[in-house]
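Read off the chains here:
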Amino acid sequence: MKEYIGVDGYQALAKVLHKMTPDEVIDEIINSGLRGRGGGGFSAGKKWKICKNIKAEKHYVICNGDEGDPGAFMDRSIMEGDPHGVLEGMMIAAYAVGAKEGYIYVRDEYPLAVTHLEKAILDCERSGLLGENILGTDFSFSIKIARGAGAFVCGESSALMKSVAGEVGEPRATYIRSVVKGLYDEPTVLNNVETLVNVPTIIRKGADWYKSIGTKKSTGTKVFSLVGKVRNTGLIEVPMGITLREIIYDIGGGILDDRPFKAVQTGGPSGGCIPESMLDLPVDFDSLTEVGSMMGSGGMIVMDDTTCIVDVAKYFLEFLVEESCGKCTPCREGLYQLHKLLEKICSGKGEMSDIEKMERLSENVMIGSLCGLGKSGPNPLMSTLKYFKDEYIAHIKDKKCPAGVCPELITYKILDNCTGCMACIPACGYDAIEGKKKEVHVITQDKCTKCGACYAVCNFDSILVS
Amino acid sequence: MKHDFNKLTDIFDKYPKTQESLIAILQDIQKEYQYLPCEALEQTSDVLDVPLSKVFSVSTFYNSFSLTAKGEKVVKICTGTACHIRGAKLLQDQLENHLAIKAGETTEDMKFTLEVVACVGACAMAPVVVVGDKYHGSVKVSRVKKLVKAK
Amino acid sequence: MIHITINGKVVQAKDGEMLLTVIRREQIDVPTLCHHEAVEPSGACRLCMVEITKPEWDGWCDYVTSCLYPAADGLIVNTHAPKVNELRSSILDMYLARHPKSPEIRQLAAEYGVLKTQFEEIVDGNNCILCGICTRICDTMGFHAISMVGRGHGKEVAPPLNMAPDACVGCLSCAKNCPTNYIEYNVSNGNLSIWKKDFKMAACKECGKTTITKEFAEYLSKNRDINIDYFENVTNVTEKN
Amino acid sequence: MNNRFIVKPELCTGCRSCELACSFTHAVDGVRSLTRITPIDGGFKDLWVPVTCLQCDDAACIKSCLVNALKRNPVTGAVELNHEVCVNCMACVAACPFGCAVLDTQTNLIVKCDLCGGDPACAHFCPTKALEWKPIPKAVKKTG
């Protein structure tokens, strides 16, 4: 806490409480162009304004720290590393909309984040930054932590609010927005961790300063988690508008083992894959959406030529089938059928008509589903079908997996340069490899499950996948 | 299995007696017993005055709850996107083969439970396997057996 | 009062009234599988989706579930737009793949031109379409005996812990309102069983005729302040049919 | 709400005209419906009483309905059943001490008298005036 105050912490709070009216705060945030970092990209300030203008007994502020996207972990780092920044952002939001209670929804998988936030809240309560009459003003605010319990769908606002209230996290139709009728049917501002942590800085340094970073429509910076087949993995904070190529090659140091780049996946399971031809695309909310992906919460997964794009689509669909709440039919049954069709293609039984079938079904699932999970669920499939149709056709017509991933379409063979080191024999869990020391080993194809364990342990590139 | 249910009272006392506390209480119970015993669910329902059917719904909806007892050590294979493309499937295959159970099952001696989880948020160290509380990053096939060496 | 246009006809509606209510009042047939007037709309089956637009939307239209969309002045609704019909048949196709044996689903799907699913049929499936009418009615009636269990494709309706539910009084409302008649129950010789639970029927003291279970009668008597004797008294009039 | 059924059992012949009238009034698509009124044999020879819903003030049927499908019409005073809302739990059928809510097994709907919206057809068709729909006589009003 002392450290946070040491770096100008809570100065923004003091500034808004003593010198600014709630409307001025909202105007400042609107003016800064800050857009929700959770994925949708809705103007944070406008959201606050709507919420403030709703007359109700209570207003709530919720911080969404349910980072469900597999492959993204920036919210975790923020909550663990800068819990006070999150709290301060929430307090300012609460002051602006007139909320007295706030919740931070944190994944239970992040125990350290929970501990740090708990400690930060306690510190604030002790020093009068949370509670009644904060800093001698008539502003009162308290924050509770709600631990998520492992459900991707709870990243969806209405599902998250149900979860906070201790119910099953099923979304409801959002024809009435949650800023109007949210938690306990009261107007609620729900912002992502990264959005809120930007707020104090904006207040302190001014909207104009913030606007000077990034692009016209997407201001400020964005944290990405750059992972996958890239040399330097980790979190990066970049100004909006930077190109994908700069991120992957300059910051990420290029592809692992200098293999050719194939695609980069952004936006998590609801996003899409972007091919090499679009590497010079500037990274901002609108251009990513335009090419069929999305900013999402900022996962950025790089894939090389050993990643099978059909397998990736199948992977995301499998994840979504698993994570669908099961309430509405298109999402529950439609995603399931899409996954079935992809399984069929990956196992070499696909037909060309399946592609058209998937396209039509995807469209209907997107229109028909109740919440964002289903509405964007087919995205990974649609975007890969758009940019990597050849690979689908290779799976269907040639019965081949060009990347050497789909088990039923590949064979493992040991080449003559095998040194007979015997490393692969114990690695194979199915006794499929035989051979003597210093002699070329042989794979019994009947026993081979194509798990790839031998390939992974071979130090001499003697195993050929084809 | 017999459990000491006195601890439940301590858990209940930590929270206000409203439905809002339901998930937090279930999480604490899960932590205490490694799963949600029937009796605990019934008591929770009584204490919070939430219908048992709702408690059951919630405890089957969320991934972090389990209604069956788990092994001493829970082995979680992260199958987040980053882990997936860096070979989580292979690790799963190896672990399943080695422990002779499928994901989601527990070994007969109740030593290990194998689970696949969506993402543990350690994507930069992919692929990740969590054994007990310990995170193992960049796991290679050759290390798999060591990870689950019985004590 | 506001005015909306449904399939070209201008009709009156109350502000905020759900579109489906207005559509049904106009005797227009829009299929639903998860709708019941006794409970709050849930928007799960998605069959009641309609196309909506407004003059100021510049030709852009949206697809919304009419059971949950509040009527607003000037709204133009098309209940059977080509896209809407395609959506419905697609959804019914999905249902048909999951519940190929359900006569109710087969009939509704046939009405939308789907005679056989293009997807992989689930052979050993059941006829529960997870509409949630049963659980919502049970909640509304105040019993909370059954609920949705699990999630996603494996979701099911079940009593807590899959055991005979304490809270159930055997009113049969879940079973009687199930659109696919999936919930099984058995009434015979003054006994009733549902959800693996057995009940005795309350019998008329004079004629022995039975209507509801003893548990249900006791519940009503206790919670609704009705003389318990009322339930053990059937006059001749109910002997009809 | 000034009118009430005035029943004079001594005039009832058990001719069942009231039943017919009711049945045809509530007919759907020309198919006769189950009647909501029945003359019952009082137990003695030739003593019949037409019995229909009393629209009780403290109605057991309304109290028994857990989904609020039964509501009193403020204009006619009739307890009306909304079939759209009704979940067929049979609580009202069981609760009515007079057996005036019944399940029509043909349509699977529960039926009860709705006073035909304020002008019950049965009373019109009673040839002997054993059943009348008219203001309550003053004398009765005072004592009752």
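About the thresholds
- Residues numbered from 1 in each chain as written.
- Chains lettered and ligands numbered in written order.
- Predicted model: local features only at pLDDT ≥ 70, side-chain atom pairs only at ≥ 80, totals over all residues.
- Heavy atoms only, no water.
- Helix = DSSP H or I, 4+ residues; strand = E, 2+ residues; numbered from the N terminus.
- Buried < 20%, exposed > 50% of the residue type's maximum accessible area, 1.4 Å probe, protein only.
- Contact = heavy atoms within 4.5 Å.
- Areas by Shrake-Rupley, 256 points an atom, 1.4 Å probe, with all protein chains shown as cover.
- Lys, Arg positive; Asp, Glu negative; His and termini not counted.
- Charge placed at Lys NZ, Arg CZ, Asp CG, Glu CD.
- Domains from an automatic or database assignment.
- Pairing = 2+ DSSP bridges.
- Right-handed = clockwise from strand over helix to strand, strands pointing away.
- Core = buried A, V, L, I, M, F, W, Y, C linked by side-chain atoms within 4.5 Å.
- Arc of directions from axis to C-beta.
- Phe/Tyr/Trp six-rings, centres within 6.5 Å; stacked < 30°, edge-to-face > 60°.
- Buried area = accessible area lost by both parts, 1.4 Å probe.
- Salt bridge = Lys/Arg side-chain N within 4 Å of Asp/Glu carboxyl O.
- Polar contact = N/O pair within 3.5 Å; in protein donor to acceptor, adjacent residues only side chain to side chain.
- Nonpolar A, V, L, I, M, F, W, Y, C, P; charged D, E, K, R; others polar.
- Axes fitted to C-alpha atoms, helices over the stretch in contact; angles between N-to-C directions.

### Re the overall build of chain B
Then, in step 1: Of the regular secondary structure elements, chain B holds seven helices and four strands.
Then, in step 2: Reading the secondary structure of chain B in the N-to-C direction produces α-α-α-α-β-α-α-β-β-β-α.
Then, in step 3: Summarising its shape, the C-alpha atoms of chain B cover approximately 50 × 30 × 25 Å along the three principal directions.
Then, in step 4: When burial is assessed residue by residue, chain B has 54% of its 151 residues classed as buried.
Then, in step 5: Looking at chain B alone, contacts between residues at least 24 apart form 60% of all its contacts between residues at least 6 apart.
Then, in step 6: For chain B, the accessible surface area stands at approximately 6,900 Å², while carbon and sulfur atoms represent 50% of it.
Then, in step 7: Seen as two clouds, the 20 positive and the 18 negative side-chain charges of chain B have centres 13 Å apart.

### Some remarks on the domain arrangement of chain B
Then, in step 1: Each domain of chain B was delimited in the assignment, giving domain 1 (7–61) and domain 2 (73–147).
Then, in step 2: If you average the C-alpha positions of domain 1 of chain B and of domain 2 of chain B, the two centres end up 29 Å apart.

### A look at the environment of D:L34
Then, in step 1: Summarising the element assignment, D:L34 is placed in the loop between α1 (17–25) and β2 (37–41).
Then, in step 2: On a C-alpha basis, the gap between D:L34 and D:P50 in space is 15 Å, while along the polypeptide they are 16 residues apart.

### A closer look at the pairing of strand β3 (residues 142–148) of chain A
Residue and element names in this part refer to chain A.
Then, in step 1: As paired strands, strand β2 (residues 101–107) and β3 are joined by seven bridges and run parallel to one another. Bridging from a neighbouring strand, Y103 pairs with K144 of β3.
Then, in step 2: Tracing the backbone out of β2, into helix α7 (residues 111–126) and back to the parallel element β3 gives a crossover that is right-handed.

### A closer look at the nonpolar core
Then, in step 1: Ranked by internal contacts, the top residues of the largest apolar core, which has 124 residues, are A:L335, A:M358, A:L381, A:Y392, B:L26, B:I29 and B:Y62.
Then, in step 2: Per element, the largest residue contribution to this core is 10 residues, and it comes from helix α13 (residues 309–323) of chain A.
Then, in step 3: Among residues more than four places away in sequence, those in contact with A:Y392 are A:I309, A:V310, A:A313, A:L342, A:I355, A:M358, A:L381, A:T384 and A:L385.
Then, in step 4: Core analysis: the next-biggest nonpolar cluster, separate from the first, contains 78 residues, C:I129, C:C138, D:V87 and D:A91 among them.

### Observations concerning helix α3 (residues 38–48) of chain B
All names here are of chain B.
Then, in step 1: Along α3, the residues that are buried comprise A40, L41, T44, S45 and L48. Angular distribution of buried residues about the axis of α3 spans 140 degrees; they occupy a single face of the element.
Then, in step 2: For α3, the elements touching its buried residues are α1 (6–13), α2 (22–33) and α4 (52–61).
Then, in step 3: Looking at the residues trailing α3, positive phi occurs at D49, about 55 degrees.

### Some details on the packing of aromatic side chains
Then, in step 1: Here the structure, examined in full by the defined rule, presents 15 aromatic pairs over all chains.
Then, in step 2: Relative to B:Y33, the ring of B:F5 lies with its centre 5.8 Å away and its plane at 50 degrees, an arrangement referred to as tilted. Of this pair, B:F5 sits in the segment before α1 while B:Y33 sits in helix α2, and the two are 28 residues apart along the sequence.
Then, in step 3: Classification of B:F5 by relative accessible area gives buried; the value is 19%.
Then, in step 4: Judged by relative accessible area, which is 10%, B:Y33 ranks as buried.
Then, in step 5: Ring pairs connect the aromatic residues A:Y60, A:Y103 and A:Y184, which therefore count as one cluster.

### Comments concerning the interface of chain A and chain B
Then, in step 1: Facing the 55 residues of chain A at the interface are 37 residues of chain B.
Then, in step 2: Roughly 3,500 Å² is buried in total at the junction of chain A and chain B, and carbon and sulfur atoms are behind 53% of that figure.
Then, in step 3: The three residues of chain A that bury the most area against chain B are A:R147, A:A149 and A:Y315, which together make up 18% of that side's buried surface.
Then, in step 4: Where chain A packs against chain B, one counts two salt bridges.
Then, in step 5: B:E20 is the salt-bridge partner of A:K144, the closest N and O atoms lying 3.3 Å from each other.
Then, in step 6: Across the contact surface, chain A and chain B share 26 residue pairs in polar contact (both at pLDDT 80 or more).
Then, in step 7: Those elements that place two or more of their residues in the side of chain A that touches chain B are β2, β3, α8 (157–164), β5 (221–228), β9 (299–304), α13, α19 (424–427) and α20 (453–457) of chain A.
Then, in step 8: For the side of chain A that touches chain B, the element with the highest residue contribution is α13(A), accounting for six residues.
Then, in step 9: In terms of residue class, the side of chain A that touches chain B is built from 31 nonpolar, 12 polar and 12 charged.

### Observations regarding the environment of B:V74
All names here are of chain B.
Then, in step 1: You can see V74 is positioned in strand β1 (residues 73–78).
Then, in step 2: Note: C-alpha distance between V74 and V55 (19 residues apart in sequence) is 24 Å.
Then, in step 3: Beyond its immediate sequence surroundings of up to four residues, V74 is in contact with Q34, T113, E115, V130, V131 and G132.

### Things to note about the sheet that holds strand β10 (residues 197–203) of chain C
Residues and elements named next belong to chain C.
Then, in step 1: The sheet built from four strands is open, its strands ordered β8-β9-β10-β11 with antiparallel pairing. The open sheet has two edge strands, β8 (185–188) and β11 (210–213), and neither has a second partner. Taking the axes of each pair of neighbouring strands and ignoring which way they run, one obtains an average angle of 25 degrees across the sheet.
Then, in step 2: Looking at chain direction, β8 and strand β9 (residues 191–194) are connected through four bridges and run antiparallel. Looking across to β9, one finds that S188 is bridged to N191.
Then, in step 3: Packing of helix α6 (residues 214–224) onto the sheet brings it into contact with β10 and β11, and relative to β11 it is tilted by some 70 degrees.

### Description of α6(C)
Then, in step 1: For α6(C), the full list of buried residues reads C:F216, C:A217, C:L220 and C:S221. The buried residues of α6(C) occupy an angular sector of 130 degrees when projected down its axis, which confines them to one face.
Then, in step 2: Taken together, the buried residues of α6(C) touch β10 and β11 of chain C together with α2 (60–64) and α3 (91–95) of chain D.
Then, in step 3: One or two positions beyond α6(C), positive phi appears at C:D225, with a value near 55 degrees.

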